[in-house]
Each structure stands twice: as C-alpha cells, then as structure tokens.
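# Notes for the structure review
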Amino acid sequence: SEREMHTDDVLPFPAVDRLNAPTIPAIRERIRHLSESSMTKSAEGTPPSAENQIVGVRGISMTPPSVGSTPQPIPLPASSSTHGFVGMHVLTATRFNKEQLHHLFNVAHNMRTMVQKDRPLDGLLKGKVMASLFYEVSTRTSSSFSAAMQRLGGTVIQLDETSSSHQKGETLSDTVQVMSGYADVVVIRHPKPGALEVASRNCRKPIINAGDGTGEHPTQALLDVFTIREELGTVNGMTVTMVGDLKHGRTVHSLARLLTLYRVNLCYVAPKGLEMPQEVVDYVSSHGIPQSTYSSLEDALPETDVLYMTRIQKERFPSTEEYEKCCGQFVVTPHTMTKAKKKMVLMHPLPRVFEISHEVDTDPRAAYFRQAECGMYVRMALLALTLGRV
C-alpha cells in the first residue's frame, strides 16, 4: 500500500567501525538485495518501508539492539541482475524503462539513508575515475556529480572549455576519445543539442549527458522524479505543473518525457513564445498522458500536486529587451502558496532568479533545496550502476 515517506522515518543503529569498513562485494550485495526486495513490494516505485530502508550495507539489522548485545550479520542472496545499466550511455530521458527507474530509485534511496546515517560507501568505486567535461557553467550538476563520485571512493578529472584543447580547435569527439582512455565514465555538459550523441558513437566508455544546450538534461529528470517519489511517496496520480521558460528549458523537456512512464497529468504555464516545444508535446501525447495549457498560474494551482518552476533563461535570448518582456509574469510568493494544496510540493531545478520569492523558502512545501541534495544520491546510484558496482 502507498504511504508518505519522510527522511526522519528511520530507526537508530550502532556506530560503524571505520577500521573494518565493508568490502566492495558486501556493499554491492547489500544495496542490490535492499533494492530488489523493495521492488517486489511496489509495482509503482513507492519508497520502501521503514523496516527495510535502514538496513546497513554490512548486513546489520537496524532494529535497536538491547544493551550489551552484538548485531548479527544477515545472510545476503546473490544476484546477477544488472537491469541494463552497465556500460550504457545516458544521453536522453527516453533511455530508461520503468523497471530501471524502480531499481535506480531504490538504490538511490538506500544510499541516501546510508549517507545520512554516516554509513561508509567509499569503497564502492575505489580505483574508478570519472572525467567531468563542462563546456557550460554549472553549480549543482558539476558539484553533485563530483561529490557523488568521491563519496563512493572514486576520483574526478575536471575539465572545462577554458582549460581544454577546445581553445586550440580540438573537436568534442576527439576530446571524449582521449578522456575515455583516462577515465571509466565521462560526464559532459555541452551547449549544442545532440552533440553528445555524435561524440558517443566512437567512445568506448559510458557517457552521461549533464545537459546539452536547450536539448535535454536526463539526470535532472531522474532526480526530479526521485524527489517527487521521496516527498509524496508516489508519482502515479499526480498533476505536475511546469511553469516558466518551457521552450529553452532542457530540464522540463526531459522531465515531461520521463513522466510518461507514470500515470500523471501534465500542465504547462509559460509566457507567450516560450511554450513547450511541439516535439515534446507530441511525444507525451503519443504515450496517452493528458496535457493542459494555462495562461495563468492561479488557474492551474488548485489541482497541482507538484509545482515545477523554472527561470526565464536570459542567455538564450538574442537581446535584453526580449528577455525583459518575459520576466516577472509568473512569480511564487507566500500569498500564492495560500492557494495551493496543503501537501503540494514546490520544485525548481535552480538557479532561481525572481520566480520564487525568498520568503517562500521557509514553507515546508518548498522542496528545491532538498531536490538539489537528491541529485547527489541519484547520481551516486547512476554511477555505481553504470560502472557495474551494484
């Protein structure tokens, strides 16, 4: 049965002896066991129960021990399932199926619990190297990928446009091929839509799309759906309203596509000329997902379960004048939130500019900073799965 999940819905457990940290096989089998057992209990992907969510990677039961007692290991079943993640390129949100999302989110949920309870995971990707190539500026995506890799014990090679041989005329494909000789996985952000698909054709290591211009941002969509799941306990049956620059917003392009794997309703609110691209609308429609367009945020708000705000992307406009014409039309304030559902979730891929007032930050429905944190857990899970360690 479905229920709401909260991050504090956990049980206490014994401290970890870091001198006797778990081996990689122990971590791998524990996460795999937890994730697959969770999947059998939910056809939709609802977070696992409190009894299961805080079982440690060392096979220690999280039931509070009696005074003086010693936690006993739990036998773990072996599993050879990879769910199709190992070695795969992650270039678009359409790359995933429902089973893969269930598995990824269950692994991410368990990793979240382990990190929050200071459980060691730094042996999982020990010896692995991630190349981080960012040809556009980034705060959350770049940092969370690096944090994810380092929390799992791996190392990171960082490269940007100003420090690479791109300045000398080297192509992205050549750079990627070179970096794939140094690293086990390559994470790339590039300003040109579709550029990563071309670069991936001759790359012998998995490539993860960290955003390609106005195209897609698949790992953002993954963390967005994971956040909805964690905040509301389920994704099915929800009405998701996307607001702002839907034309240029790669985050909403990927999120709309990924949500077609669930039973949802999608609503769009955008300034004139910044509507959701027709190709995305057609894709969503082909999967039988209801879509509605509103000119007013207030009209869409009463039925909204997830309000997904986005900024007007100044860098995509040919002139400041055209950008300013679109600014300030849809702004969430404390007054706006009085008209929303008591359990609505307010999300934003960040950075925000003016579209959510800072006074809203204290509203418990404001989930955008928790959403950013979820990005690290999802990317931890994705890296571990792609490299075949869970």
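You'll find the structure just up there.
Since the structure is predicted, the reported quantities are computational estimates derived from the model, not experimental observations.

A regular strand carries its side chains on alternate faces of the sheet. Judged by which residues are buried, strand β8 (residues 306-309) turns out to be covered on both faces: Val306 and Tyr308 on one side and Leu307 and Met309 on the other are all buried. As defined by bridge partners, strand β5 (residues 239-243) adjoins β8 across four bridges and the pair is classed as parallel. For methionine 242, the partnering residue across the bridge sits in β8 and is tyrosine 308. Bridge count between β8 and strand β9 (residues 345-347): three bridges; the pairing is parallel.

In this section: the nonpolar core. Most often, soluble globular proteins keep nonpolar side chains buried together rather than apart. Counting residues in each nonpolar core, the largest one holds 69 residues, and the members touching the most others are Leu104, Met111, Met242, Leu259, Leu266, Met380 and Leu383. The element that contributes the greatest number of residues to this core is helix α13 (residues 368-386), accounting for 10 residues. If you look at the next biggest cluster of nonpolar residues, it comprises 18 residues, including Val269, Met309, Ala340 and Leu350.

When the terminal C-alpha atoms of helix α4 (residues 140-151) are compared, their 16 Å separation across 12 residues agrees well with the 16 Å that a helix rising 1.5 Å per residue should span. Listed in full, the buried residues belonging to α4 are Thr141, Ser142, Ser144, Phe145, Ser146, Ala148 and Met149. Along its buried surface, α4 packs onto β1 (129-134), β2 (155-160), β3 (185-190), β4 (207-212), α7 (218-232) and α13. Residue glycine 153 follows α4 closely and has a positive phi angle near 95°.

This part takes up the pairing of β2. Strand direction decides the pairing type here: β1 and β2, joined by six bridges, are parallel. Within the sheet, the bridge partner assigned to phenylalanine 134 lies in β2 and is aspartate 160. Handedness of the β1-α4-β2 crossover: right-handed.

Here we come to the pattern of salt bridges. Going through the model one piece at a time under the given rule, you end up with 10 salt bridges. Salt-bridge contacts for glutamate 136 lead to arginine 250; the nearest nitrogen and oxygen are separated by 3.0 Å. Residue glutamate 136 is located in the loop between β1 and α4, and its partner arginine 250 is located in helix α8 (residues 250-258); the two are separated by 114 residues in the primary sequence. Take glutamate 136: its relative accessible area is 19%, and that puts it in the buried class. Residue arginine 250 is classed as buried on the basis of its relative accessible area, which comes to 10%.

What counts, and at which threshold
- Numbering of residues starts from 1 in every chain and runs along the sequence as written.
- pLDDT decides what is reported in this predicted model: residues at 70 or higher carry local features, side-chain atom pairs at 80 or more are listed and counted, and totals for whole chains, interfaces and linings draw on all residues regardless.
- Side-chain figures throughout are based on the complete set of non-hydrogen atoms in the structure, without hydrogens or water.
- Between buried and exposed lies partly exposed: a residue is buried under 20% and exposed over 50% of the maximum accessible area for its type, with that area taken using a 1.4 Å probe on protein chains only.
- Only DSSP runs of H or I with at least four residues qualify as helices, and only runs of E with at least two residues qualify as strands; both kinds are numbered from the N terminus onward.
- In this analysis, strands are considered paired if DSSP registers two or more bridges between them.
- What is meant by a nonpolar core is a set of buried Ala, Val, Leu, Ile, Met, Phe, Trp, Tyr and Cys residues, joined one to another through side-chain atoms within 4.5 Å.
- One less than the residue count of a helix, multiplied by 1.5 Å, gives the span that helix is expected to have.
- Residues are treated as being in contact if the distance between any of their heavy atoms lies within 4.5 Å.
- Look down the strands so they point away from you; if going from the first strand over the helix to the second traces a clockwise path, that crossover is right-handed.
- In the sections that follow, a salt bridge refers to a side-chain nitrogen of Lys or Arg positioned within 4 Å of a carboxyl oxygen of Asp or Glu.

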